[in-house]
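Each chain, letter by letter, is given below.
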Amino acid sequence: MKEKLQAIQADAIAKIEAANDLDALNEIKVNVLGKKGELTQVLKSMKDVAPEDRPKVGQMVNDTRSAIEEKLEAVKKDITKKQREEKMKNEVIDVTLPGTMHMKGHRHPNQIALEELERVFIGMGYEIVEGPEVEYDRYNFELLNIPANHPAKDEQDTFYITKDILLRTQTSPVQARIMETGRMPIRILAPGRVFRSDEVDATHSPSFHQVEGLVVDKNITFADLKGTLEQFAREFFGPETKIKLRPHHFPFTEPSAEVDVSCFKCGGKGCRMCKGSGWIEILGCGMVHPKVLKDCGIDPEEYSGFTFGIGLERVALLKYEIDDMRLLYENDMRFLKQF
Ligand code: DAH
């Protein structure tokens, strides 16, 4: 019995020492110590051992088992350590290899111009608000003094969802929505997307952006409008910029004006940018028409206001000297990266 146990032990230890992975170790463990293993077989044959010899033989079986288990554990530790070292060696990072470049996101020139515009008007105490892109005819036209048969409706042709609901043609409906709330005073800037059934070309797109401004309070005059626009022009286009107001007509303002800024490229001398005139048109504006105030629930005897509308693409194209509006919508990284 003793020789048999010694033979099992010697054989097991030799096999364990020869094993070079955890699977092999496990197989040895099963073959020797498992339910049908060699050592277990020996234990089963205890019944043939004389009763007085059983404790001694039992002890010998246990010793053999411990010796094999110890060896298994030791070799297992070794193998695990070696495997980890191997893994570490393979995973070494070569910091001198060139990295993988990731394309970084970039603010769109429209967005840069808008944030700059907002910064200027927030500085003057304006609040940024938004209105819906899908709008009622009532807000887009009716409340802005553009009745059903008004020619301005033709100029601002758009996509109708129903007879009364359309994609807004201007951000001006936000004026009516804000005035209707009756909260005074009003000093808002309303940027957003607008729609017209225009063909795409260098200066037109069926979808573009406007930034609407509206101020309503007691004693607001045309001088306030002019001063505000002067301040805006200086901050946005440069401290030397001058403005010029030309009489114009908009249905919802009276009087109305179109505003030019002195060319920030040539300083007013005349260049390609301003087509030789020294001036560049940038927005429409005026005093809120008393009828519009009244229709929106504001007493024109008590309150007055001014309003202006800026074409966002137009000022972005000017500011960044881009000569074709289509470039803004093509999402070509080579173009966008420049801003
Ligand atoms: N909504 C006008 C348009 O799209 C632009 C405009 C002109 C807005 C004068 C205004 C304004 O607020 O006062 O043609």
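First things first, this report covers the structure right here in the doc. The structure displayed is predicted, hence computed values, not measured ones.

Basis of the calculations
- Residues numbered from 1 in each chain as written.
- Predicted model: local features only at pLDDT ≥ 70, side-chain atom pairs only at ≥ 80, totals over all residues.
- Heavy atoms only, no water.
- Near = heavy atom within 4 Å.
- Polar contact = N/O pair within 3.5 Å; in protein donor to acceptor, adjacent residues only side chain to side chain.
- Areas by Shrake-Rupley, 256 points an atom, 1.4 Å probe, with all protein chains shown as cover.
- Helix = DSSP H or I, 4+ residues; strand = E, 2+ residues; numbered from the N terminus.
- Nonpolar A, V, L, I, M, F, W, Y, C, P; charged D, E, K, R; others polar.
- Salt bridge = Lys/Arg side-chain N within 4 Å of Asp/Glu carboxyl O.
- Buried < 20%, exposed > 50% of the residue type's maximum accessible area, 1.4 Å probe, protein only.
- Patch = residues over 30% accessible without salt bridge, like charges linked within 9 Å, V, L, I, M, F, W, Y side chains within 5 Å.

**Here we look at the site of the ligand**
Surveying the vicinity of the ligand reveals 16 residues, the closest of which are Gln170, Ser172, Arg196, Glu212 and Thr307. Within the side chain of Ser172, one N or O atom sits 2.9 Å away from a nitrogen atom of the ligand. In isolation the ligand exposes 350 Å². Once the protein is present, 90% of that is buried. Sorting the residues of the shell around the ligand by element identifies β5 (207-217), β8 (279-288) and β9 (304-311) as the ones contributing at least two each. In the shell around the ligand, the residues fall into 4 nonpolar, 10 polar and 2 charged.

**What to know about the pattern of salt bridges**
Tallied over the entire structure, the rule returns 19 salt bridges. Here Asp11 and Lys15 are joined by a salt bridge, their closest N and O atoms 3.2 Å apart. With Asp11 and Lys15 both in helix α1 (residues 2-18) and 4 residues apart, this pair spans about one turn of that helix. The exposure class of Asp11 is partly exposed, given its relative accessible area of 33%. Owing to a relative accessible area of 43%, Lys15 belongs among the partly exposed residues under this scheme. For Asp324, the salt bridge goes to Arg326, with nearest N and O atoms at 2.9 Å. Judged by its relative accessible area of 34%, Arg326 is partly exposed. Taken together, the salt bridges that share partners define one network made up of Arg246, Glu258, Asp260 and Glu281.

**Considerations on a nonpolar patch on the surface**
The grouping of Val134, Phe159 and Ile161 at the surface amounts to a nonpolar patch, some 300 Å² of accessible area in total. Note that Ile161 resides in the loop between α7 (151-155) and β3 (165-167). Using a relative accessible area of 44% as the deciding quantity, one classes Ile161 as partly exposed.

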